[in-house]
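# Coordinate inspection notes
Each chain, letter by letter, is given below.
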Amino acid sequence: MNEAFAPKIESAVESFRTLLCQQLERQEKMEKDSGAKDFSKMEKIVVGLVPGDGIGPILFRETERVLKKLVEKELASGKIELKQIEGLTIENRLALGVSVPKDTLDAIKECDVLLKGPTTTPKGGTLESANVTLRRELDLYANVRPVTLPEEGIDWIFYRENTEGEYVLGSRGVEIPGKLAMDFKVTTDAGTRRIARAAFEYAKNNGKTNLAIVTKANIMKKTDGNFSAICHEVAADYPNVTAEDWYIDIMAANLVNKEIRNRFQVFLLPNLYGDIITDEAAQIQGGVGTAGSANLGDRYAMFEAIHGSAPRMIEEGLGDYANPESLLRALEMLLRHICLTSAADRLAKALNETAKEVVVTGTREGATCRQFADALLARL
Ligand code: IPM
Ligand code: MG
């Protein structure tokens, strides 16, 4: 080996040691965590509003109108308090050189649940995605994404692990410039067990009998291998749910195979596969602009659109044509999470009807974000 690389290798090995210790500590802490907050017993719930950037504030403005209408009574009685959260824009984050500014994070931690617009993630560099930071800081370990296509009998729900895999050290890889780069993928036992538990509990409580564990355990033998094995351990507690193993590549094909796709019900997957396949699933539903996403932890929960901030739409002057359905679906999930079931049902019904009547395509040919929201509000 060329001696010139020796110092680089030494320093890479040192940083790897630090990473390993930190990840082990994280796993130990998770093992001790216990119990989720019960929203049905809370007297007051603080909902943080985080518009984000790109098309975020455009979608947000409309969704906020809908929220205020739906929880009018709870706002008046003080059961729900809305809190505007400032500072989570790409301009501010770049200016401060931090993924989530400290003041913003402190304000967020004073809330119980968050409604969040998309935030831009710069490619390369070292600025971590705000989503990844928030998911870690608030320990939002379950990314839950429903996708439905009633005319085909499709009613899918994805339980994506949301705090580890390729994401947890995604900004902390090592590199010998001009020669090689290495990133890390981390799967902890406790981290896998809790997402598996969440997915199987959902299946059990909602009468679902099929659960697909989706990995690439034939290649990623340690991380995905453990993920699959631990999911099967958890499965043993749910005799009425059939747990099947699938590889991510063939599952990506299954989702576009109309012959078999409606037999799947619950999907349980590591972080990155979940990221990719839920965009595919959303597209099958009608586009990423139609899909909402819940990030759930035991203490906090954050609800957002499945998609990003769409900087290209802003550059092309198409921001007003962005589809607010994604964020409105997220709002529906938020309302369910805090036990405002009838408000969630009202929103779901109005959304289904409005989506048939007002078609937002993301182009000038379609309806605008505002037109969609006006039509929806008229139905509430
Ligand atoms: C998502 C997004 C995020 C992710 C980005 C914005 C970091 O694609 O929520 O699916 O990769 O998880
Ligand atoms: Mg994604």
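Our subject is the structure that appears above.
This text gives an overview of the structure that appears in the document. Source: prediction; values computed, not measured.

Next up on the list: the packing of helix α13 (residues 341-357) against helix α14 (residues 369-379). It is at 9 Å that the axes of α13 and α14 come closest, and there the two elements cross at 135 degrees. Between α13 and α14, the interaxial angle falls into the category oblique. Considering how the two elements wind past one another, α13 and α14 form a crossing that is right-handed. Listed contacts from α14 to L347, A350, L351, E353, T354, A355 and E357 of α13 are F372, A375, L376 and R379.

Going through the model one piece at a time under the given rule, you end up with 8 aromatic pairs. With 5.4 Å between their ring centres and 35 degrees between their planes, F16 and F184 make a pair best called tilted. With F16 in helix α1 (residues 6-32) and F184 in the loop between β7 (180-182) and α7 (189-205), this residue pair connects regions lying 168 residues apart in the sequence. Owing to a relative accessible area of 38%, F16 belongs among the partly exposed residues under this scheme. Measuring from centroid to centroid gives 5.3 Å for F200 and Y238, while their planes differ by 25 degrees, and the two rings are stacked. Pair noted here: F200 is in helix α7 and Y238 is in the loop between α8 (223-235) and β9 (242-247), with a separation of 38 residues, a long-range link. Judged on exposure class, the residue F200 and its partner Y238 are both buried. A cation over an aromatic ring shows up here: R299 above the ring of Y300, its NZ or CZ 4.4 Å from the ring centre.

Attention now moves to the sheet that holds strand β1 (residues 45-50). Overall, mixed pairing links the 10 strands, which are arranged β2-β1-β3-β12-β11-β4-β5-β10-β8-β9 in an open sheet. The open sheet is flanked by β2 (80-84) and β9, the only strands paired with a single partner. Strand-to-strand twist across the sheet, computed as the mean angle between neighbouring axes with direction ignored, equals 20 degrees. As judged from the 6 bridges shared by strand β8 (residues 210-215) and β9, these two strands associate in the parallel manner. What sits directly across from A212, in β9, is E244.

Viewed as axis vectors pointing N to C, helix α12 (residues 325-337) and α13 meet at an angle of 160 degrees, and their least axial separation amounts to 8 Å. Taken together, the axes of α12 and α13 are roughly antiparallel relative to one another. Considering only the axes of α12 and α13, their crossing is left-handed. Taken together, the residues of α13 that come into contact with α12 (itself represented by E325, L328, R329, L331, E332, L335 and R336) are T341, A343, A344, D345, L347, A348, L351, N352 and A355.

The next subject is the nonpolar core. Judged by nonpolar contacts, the single largest core of 65 residues is most densely connected at V113, L268, F303, L331 and L335. With 7 residues, α12 is the largest single contributor of residues to this core. When we break this core down by domain, the ones giving at least three residues each are domain 1 (36-140 + 297-380) and domain 2 (145-291). Contacts of L331, omitting those with residues within four sequence positions, involve T63, V66, L67, L70, L115 and L347. Ranked by size, the runner-up nonpolar core spans 17 residues in total, among them V147, W156, F158 and A281.

As a further point, take the environment of F200. When its relative accessible area of 0% is taken as the criterion, F200 is described as buried. Each C-alpha atom, one on F200 and one on L211, is 7.8 Å from the other, the two residues being 11 residues apart in sequence. Beyond its immediate chain neighbours, meaning those up to four positions away, F200 contacts L211, C231, V234, A235, Y238, V241, A243 and L268.

What counts and how
- Residues numbered from 1 in each chain as written.
- Chains lettered and ligands numbered in written order.
- Predicted model: local features only at pLDDT ≥ 70, side-chain atom pairs only at ≥ 80, totals over all residues.
- Heavy atoms only, no water.
- Axes fitted to C-alpha atoms, helices over the stretch in contact; angles between N-to-C directions.
- Helix = DSSP H or I, 4+ residues; strand = E, 2+ residues; numbered from the N terminus.
- Parallel < 35°, antiparallel > 145°, perpendicular 65-115°, else oblique.
- Left-handed = near helix turned anticlockwise from the far one by under 90°.
- Contact = heavy atoms within 4.5 Å.
- Phe/Tyr/Trp six-rings, centres within 6.5 Å; stacked < 30°, edge-to-face > 60°.
- Buried < 20%, exposed > 50% of the residue type's maximum accessible area, 1.4 Å probe, protein only.
- Lys NZ or Arg CZ within 6 Å of the ring centre and 35° of its normal.
- Pairing = 2+ DSSP bridges.
- Core = buried A, V, L, I, M, F, W, Y, C linked by side-chain atoms within 4.5 Å.
- Domains from an automatic or database assignment.

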